[in-house]
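For reference, the chains in residue letters:
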Amino acid sequence: TAKVARLRERAGRVAGRAPAEALAGLADLCRSHCDEDPLAGACVHTERYGTRSSALLALGDREGETSLHFADGAPCANEYRTFTPLLHELARGTRRAEGESFARKIS
């Protein structure tokens, strides 16, 4: 769709920046609205439909390059909170040994 193409193009412009700058740029993109058409922006508000939350995930080769940020509610009205320590904790608990399956028995 035109909306996806436009948002993808805007995301591509910030993707090459330094990680902190790229994250801020993507957060701004997720907060964006379109005055002409409320469904055309990344953050949507209508009577029956709207943005409920937003997540930003940065993946890197090293633990310090990976981060998770979450806005509980529309990102234009709610700050992104950092959940990076939780992400790292989950990653440490899911490392697998050579040949080990991702499927694990839950006791």
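Residues numbered from 1 in each chain as written. Predicted model: local features only at pLDDT ≥ 70, side-chain atom pairs only at ≥ 80, totals over all residues. Heavy atoms only, no water.

Draft legend 1. The arrangement of the packing of aromatic side chains in detail. In the structure shown here, the tally under the stated rule is one aromatic pair. On the basis of an interplanar angle of 80° and a centroid distance of 6.2 Å, the ring pair of phenylalanine 70 and phenylalanine 83 is categorised as edge-to-face. Linking phenylalanine 70 in strand β2 (residues 67–71) with phenylalanine 83 in the loop between β3 (81–82) and α3 (84–93), this pair joins segments that are 13 residues apart in sequence. Classification of phenylalanine 70 as partly exposed rests on a relative accessible area of 29%. (Phe/Tyr/Trp six-rings, centres within 6.5 Å; stacked < 30°, edge-to-face > 60°. Helix = DSSP H or I, 4+ residues; strand = E, 2+ residues; numbered from the N terminus. Buried < 20%, exposed > 50% of the residue type's maximum accessible area, 1.4 Å probe, protein only.)

Draft legend 2. Layout of the pattern of salt bridges. Using the criterion set out here, one finds two salt bridges in the structure. Taking the shortest distance from any N to any O, the salt bridge between arginine 31 and aspartate 28 comes out at 3.3 Å. (Salt bridge = Lys/Arg side-chain N within 4 Å of Asp/Glu carboxyl O.)

Draft legend 3. Structural view of the sheet that holds β3. Across the sheet, three strands lie side by side as β1-β2-β3; this open sheet has antiparallel pairing. Two strands bound the open sheet, and with one partner strand each, they are β1 (54–58) and β3. Here β1 runs beside β2; their pairing, made up of five bridges, is antiparallel. Of the residues in β2, the one forming a bridge with leucine 56 is histidine 69. Those strands touched by α3 are β1, β2 and β3, and its axis lies near 130° from that of β2. (Pairing = 2+ DSSP bridges. Contact = heavy atoms within 4.5 Å. Axes fitted to C-alpha atoms, helices over the stretch in contact; angles between N-to-C directions.)

Draft legend 4. Main features of the environment of glutamate 65. Among the structural elements, glutamate 65 can be located in the loop between β1 and β2. With relative accessibility at 34%, the residue glutamate 65 sits in the partly exposed group. Once the C-alpha coordinates of glutamate 65 and proline 19 are considered, the two residues, 46 residues apart in sequence, prove to be 8.1 Å apart.

Draft legend 5. Highlighting the environment of threonine 84. Within the secondary structure, threonine 84 is located in helix α3. Sequence-wise, threonine 84 and histidine 69 are 15 residues apart; in three dimensions their C-alpha atoms are separated by 7.0 Å. Contact partners of threonine 84, with chain neighbours within four places excluded, come to Thr66, Ser67, Leu68 and His69.

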